[in-house]
Amino acid sequence: MTDAQADTANSLPQKPGASQPLTCDVAVIGAGTAGLAAERAARANGASTLLIDPEFIGTLCANYGCMPSKLLIAAARARHQVDQAGLFGIDVGSVAVDDAALLNRVRSERDRFAALTRDSIETLPDGICIKSHARFTGPDTLVLDDGRTVKAGAIVIATGSGAALPAPFDMLGDRALTNRSVFEIETLPDSLGVVGSGSIGLELAQAFARLGVKVTLLDKAERMGNVRCARVHGALRKIMERDMAVHLGVDVDAECAQSGVRLTWSGKETGEALVDRVLVAVGRPPTLEGLWLEKAGIACDDSGVPCHDRATMRCGDSAIFLAGDVAADFPLLHEASHDGAIAGRNAAALPAEIRTERYVSFAITFTDPPLVSIGKSEEHGAVTGTTSFDDQGRARVEGRDEGALTLYAAAPHGTLIGADLIAPAGEHLGHILAWAIQHKMTATQLLQMPFYHPTIEEGLKKALRTICGATPIALPTDQDSGTPSGG
Ligand SMILES: Cc1cc2nc3c(=O)[nH]c(=O)nc-3n(C[C@H](O)[C@H](O)[C@H](O)COP(=O)(O)OP(=O)(O)OC[C@H]3O[C@@H](n4cnc5c(N)ncnc54)[C@H](O)[C@@H]3O)c2cc1C
Ligand SMILES: NC(=O)c1ccc[n+]([C@@H]2O[C@H](COP(=O)([O-])OP(=O)(O)OC[C@H]3O[C@@H](n4cnc5c(N)ncnc54)[C@H](O)[C@@H]3O)[C@@H](O)[C@H]2O)c1
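Keep in mind that what you see is a predicted model, and the values were worked out from it rather than measured.

Next up on the list: the overall build of the chain. For the chain, the helix and strand inventory stands at 12 helices and 20 strands. Compactness check: the chain gives a C-alpha radius of gyration of 25 Å against a globular reference of 23 Å for 487 residues, within 12% of the reference. A burial count over the chain gives 49% of its 487 residues as buried. Excluding contacts between residues fewer than 6 apart, the proportion of contacts in the chain whose partners are at least 24 apart in sequence is 65%. When the accessible surface of the chain is totalled, it reaches about 22,300 Å², and 51% of it is carbon and sulfur. Here the chain carries 44 positive and 60 negative side-chain charges, and the mean point of each set is 3 Å from the other.

Right, here's the structure in full:
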């Protein structure tokens, strides 16, 4: 325990009756997506539960994450479609964005989603929710803000993650935005620096740019979005650069200047830009501080995250489990909710162990077109098949003919193991491929499925045929090997 933590421990107020510990089979720390799922699963499996959270404001997803970001992206898409109308011979005249109306819709819909999440918390049985932080005082005991203690048969840590705000961005005051403040702005800035081209940076940089903001996107890495395939990254870069300036492989410095921020960068290139605000999207470390984990008696990895088994979410042979972003495995919504279900079920079942096979890894970044990464890649000794959407039939019809796809398959049978793509309807192609990969389908088996014409899905055929051609398994012989117009 640090001195500061010891001080906090000593100063925790004592509630009358604090000497009587609260007891339960499973205590869950954090009422976000993962924690709510863990509590539900533990209770459904017969455990008595306590759910501890200092706020109970609903989830990160609803308040500051998935939902407000998709609402802003939806507004940007509406504006972009209007901008594209000329391609189809439709003259819409001049376009004006009403900042206040646009941002109010983002916030009011966001508030509605958050209220729905809070409503679901309201329906939990009486006595389960405790409004407090929780800190470990031992492997099976917690202390609350008011000094009460909790003794639990098992404990699930589901405390999520928080936006990193490293130097020099921490000195910019409210000129630096993170995912918590960016949806609160009253007007769109004229210019915006976006530092970090992970999912948050890519999605919001493109949305703001398409709403008319002059965006400069910077990353210390040479590839945006951690994209594995050079072809797909090339297509992503071309798409992003259409709307903004992109500088990769650079160290970024920032200082307050005039009423905005001066950004300077060096490395692969040097440059500077004066921007109104900076969105800092350089990662989200797990929320572990203040949990007094050192008292929990569990081993942690080099970055301080408790070592855990993804099949059970259990930390070693302790009665402590992880769920959601705090586990730092795949900080995504569907994984947080799956983690929670697995952790809650196993926590209730202790000492029995129920192992779950995890989903194939699957991430969609909601750029336009969407960027998708699934499963394993070439690095794992795969056969590859590629497709370009630059002249694909249906994509061309829609005026959305850009993008690239790389499929990875294992020799000798052409079993699909992964994919990288940026493509129109990418989120739907991604689901088809993720489901096929999860079911261990081969390229031949997927080719034996009906493909409607003309669709974006037809774009998959070329990549699948290349993989079939590279394996001893022949192309399906009862099928036409030609390509329909634009297919
Ligand atoms: C801008 C943005 C966009 C995103 N978009 C997507 C998307 O489109 N698709 C997708 O799949 N994922 C997306 N994500 C990721 C997704 O939102 C997260 O993976 C998911 O919400 C994590 O859920 P969680 O339960 O782990 O965390 P949270 O929902 O943050 O829950 C953690 C809870 O722990 C509580 N807590 C913290 N410390 C303590 C303590 N000491 N004691 C008690 N309680 C504590 C907090 O109050 C909080 O309620 C996005 C994230 C961001 C930031
Ligand atoms: N559509 C989605 O599913 C979605 C959307 C948004 C966020 N998320 C989740 O939220 C998580 C966090 O998102 P994120 O975009 O903040 O993090 P990230 O880890 O995905 O990307 C961070 C980026 O910042 C760069 N970076 C780090 N430090 C830097 C520095 N000092 N200067 C310049 N660049 C720097 C990194 O190279 C990296 O490209 C993601 O991992 C993702 O799981 C998901």
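The rest of the description comes next.
Here threonine 49 is to be found in strand E2 (residues 49–53). Classification of threonine 49 as buried rests on a relative accessible area of 8%. Within the local environment of threonine 49, its side chain forms a polar contact with the side chain of glutamate 39, the two groups lying 2.6 Å apart. Leave out the neighbours within four places in its chain, and threonine 49 touches Cys24, Val26, Glu39, Ala42, Arg43 and Ile128.

With that out of the way, let us pick up the nonpolar core. By size, the foremost hydrophobic cluster in this structure holds 48 residues, and its most contacted members are Phe136, Leu142, Val156 and Ile157. Taken together, the elements giving at least two residues each to this core come down to strand E1 (22–29), helix H2 (33–44), E2, strand E4 (134–138), strand E5 (141–144), strand E6 (149–157), strand E15 (320–322) and helix H8 (333–349). At 6 residues, E6 tops the list of elements feeding residues into this core. The residues touching isoleucine 157, leaving out its near neighbours within four places in the chain, are Ile29, Phe136, Leu291, Leu293, Ile320, Phe321, Leu322, Ala323 and Val326. Counting 43 residues, the second largest nonpolar core, distinct from the first, contains Leu177, Leu202, Phe208 and Ile422.

A word on the packing of helix H4 (residues 66–84) against helix H5 (residues 99–122). Two elements in contact, H4 and H5, have axes separated by 9 Å at closest approach and are oriented at 145°. By crossing handedness, the relation of H4 to H5 is classed as right-handed. Only Leu102, Leu103, Arg105, Val106, Glu109, Arg110 and Phe113 of H5 make contact with H4, whose side of the interface consists of Met67, Pro68, Leu71, Leu72 and Ala75. Its residues assigned to classes, the contact of H4 with H5 shows 9 nonpolar, no polar and 3 charged.

Attention shifts here to the site of ligand 2. Surveying the vicinity of ligand 2 reveals 20 residues, the closest of which are Ile200, Glu203, Asp219, Pro331 and Ile364. In the model, an oxygen atom of ligand 2 is placed 3.1 Å from a nitrogen or oxygen of the isoleucine 200 main chain. In the model, an oxygen atom of ligand 2 is placed 3.1 Å from a nitrogen or oxygen of the glycine 283 main chain. Within the complex, the protein chains bury 75% of what would otherwise be the 850 Å² of accessible surface of ligand 2. Going through the elements one at a time, helix H6 (199–210) and strand E16 (362–365) are the ones with two or more residues in the shell around ligand 2. Per-element tally for the shell around ligand 2: the top contributor is H6, with 3 residues. Tallied by class, residues from the shell around ligand 2 come to 9 nonpolar, 6 polar and 5 charged. When residues of the shell around ligand 2 are assigned to domains, at least three map to each of domain 2 (169–280) and domain 3 (362–481).

A few words on H6. Under the 1.5 Å per step criterion, the end-to-end length of H6 is 17 Å for 12 residues, consistent within 8% with the ideal 16 Å. Taking burial as the measure, the 12 residues of H6 include 10 buried ones, the bulk of the element. Burial in H6 covers these residues: Gly201, Leu202, Glu203, Leu204, Ala205, Gln206, Ala207, Phe208, Ala209 and Arg210. Two residues or fewer after H6 comes glycine 212, characterised by a positive phi angle close to 100°.

In the neighbourhood of ligand 1, 34 residues make up the surrounding shell, with Ala34, Asp53, Lys70, Asp325 and Leu333 lying closest. Coverage of ligand 1 by the protein amounts to 88% of the 1,000 Å² it exposes when considered alone. Listed by contribution, the elements that provide at least two residues to the shell around ligand 1 are H2, E2, helix H3 (60–64), H4 and H8. Per-class residue counts for the shell around ligand 1 are 18 nonpolar, 12 polar and 4 charged.

Going through the model one piece at a time under the given rule, you end up with 0 aromatic pairs. Here the basic side chain of arginine 112 rests over the ring of phenylalanine 113, its NZ or CZ set 5.5 Å away from the ring centre. Positioned above the aromatic ring of tryptophan 292, the side-chain terminus of arginine 135 is 5.6 Å from the ring centre.

Considering the arrangement of structural elements, one finds alanine 154 in strand E6. Classification of alanine 154 as buried rests on a relative accessible area of 1%. For alanine 154 and threonine 141, which are 13 residues apart along the polypeptide, the C-alpha to C-alpha distance reads 9.3 Å. Residue contacts for alanine 154: discarding those within four places in its chain leaves Asp25, Val26, Ala27, Ala319, Phe321, Ala347 and Leu350.

What follows deals with the pairing of E16. Judged from the 4 bridges that link them, E16 and strand E17 (residues 371–375) form a sheet pairing that is antiparallel. Each residue of the ladder has a partner; that of phenylalanine 362, found in E17, is isoleucine 374. The antiparallel hairpin formed by E16 and E17 contains 5 residues in its connecting segment.

A separate point is a nonpolar patch on the surface. On the surface, Val82, Leu87, Phe88, Ile90, Val92 and Val95 cluster together into a nonpolar patch covering about 510 Å² of accessible area. With respect to the helices and strands, valine 92 occurs in the loop between H4 and H5. The class of valine 92 is partly exposed, set by a relative accessible area of 41%.

Looking now at the pattern of salt bridges. Tallied over the entire structure, the rule returns 29 salt bridges. Arginine 210 is paired through a salt bridge with aspartate 368; the nearest N and O atoms lie 2.6 Å apart. Of the two residues, arginine 210 sits in helix H6 while aspartate 368 sits in the loop between E16 and E17, which places them 158 residues apart along the sequence. Classification of aspartate 368 as buried rests on a relative accessible area of 14%.

On to the domain arrangement of the chain, then. For the chain, the assigned domains read domain 1 (3–63 + 105–162 + 285–349), domain 2 (169–280) and domain 3 (362–481). Averaged C-alpha coordinates put domain 2 and domain 3 at centres separated by 31 Å. Taking both sides of the interface into account, the surface hidden between domain 2 and domain 3 amounts to around 1,500 Å²; carbon and sulfur atoms contribute 54%. On the domain 2 side of the interface with domain 3, the three residues burying the most area are Arg228, Arg231 and Val232, jointly 42% of the side's total.

Each value, and the rule that gives it
Throughout this description, residue numbers start from 1 for each chain and increase along the sequence as written. Key to labels: chains lettered from A, ligands numbered from 1, both in the order written. Confidence filtering applies because this is a predicted model: local features only for residues at pLDDT of at least 70, side-chain atom pairs given and counted only at 80 or more, and all residues used for totals across whole chains, interfaces and linings. Each side-chain value is derived from all of the structure's non-hydrogen atoms; neither hydrogens nor water enter the calculation. A helix here means a DSSP run of H or I that spans at least four residues, while a strand means a run of E at least two residues long, and both kinds are numbered starting from the N terminus. Atoms counted for the radius of gyration: C-alpha only. Globule rule: 2.2 Å times residue count to the power 0.38. Note on classification: 1.4 Å probe, protein chains only; a residue is buried when its accessible area is under 20% of the maximum for its type, exposed when over 50%, partly exposed between these limits. Any pair of residues with heavy atoms lying within 4.5 Å of one another is described as a contacting pair. Note on areas: these come from Shrake-Rupley sampling with a 1.4 Å probe, and a residue is covered only by the protein chains present in the view. Under the counting rule used here, the positive set is Lys and Arg, the negative set is Asp and Glu, and His together with the chain ends is not counted. For charged residues, the charge sits on one atom: NZ in Lys, CZ in Arg, CG in Asp, CD in Glu. For the purposes of these results, a polar contact is taken to be a pair of N or O atoms within 3.5 Å, where, inside protein, one atom must be able to donate a hydrogen and its partner to accept one; residues adjacent in sequence count only when each atom of the pair is a side-chain atom. Note on terminology: a nonpolar core comprises buried Ala, Val, Leu, Ile, Met, Phe, Trp, Tyr and Cys residues joined through side-chain atoms within 4.5 Å. In this analysis, axes come from line fits to C-alpha atoms, helices being fitted only over the stretch in contact, and the angle between any two N-to-C directions falls in the range 0 to 180 degrees. Here a crossing is taken to be left-handed if its near helix is turned anticlockwise relative to the far helix by less than a right angle, and right-handed if that turn runs clockwise. Residues were grouped as follows: Ala, Val, Leu, Ile, Met, Phe, Trp, Tyr, Cys and Pro as nonpolar; Asp, Glu, Lys and Arg as charged; and all remaining residues, including Gly, as polar. We call a residue near a molecule or strand whenever a single non-hydrogen atom of that residue lies within 4 Å of it. In this document the domain limits rely on a domain assignment from an automatic tool or a database. The span expected for a helix works out to 1.5 Å for each residue beyond the first. By convention, a stacked pair of Phe, Tyr or Trp rings (six-membered ring in the case of Trp) has centres within 6.5 Å and planes under 30 degrees apart, an edge-to-face pair has planes over 60 apart, and any other such pair is tilted. Here, a charge over a ring is recorded when the distance from Lys NZ or Arg CZ to the ring centre is within 6 Å and its angle to the ring normal is within 35 degrees. Two strands pair if DSSP finds at least two bridges between them. Only residues whose relative accessible area exceeds 30% and that take part in no salt bridge are eligible for patches, with like-charged residues grouped when within 9 Å of each other and nonpolar side chains (Val, Leu, Ile, Met, Phe, Trp, Tyr) grouped when within 5 Å. A carboxyl oxygen of Asp or Glu within 4 Å of a side-chain nitrogen of Lys or Arg is what we treat as a salt bridge. For any pair of parts, buried area is found by adding up, for both, the accessible area (1.4 Å probe) each one loses once the two are put together.

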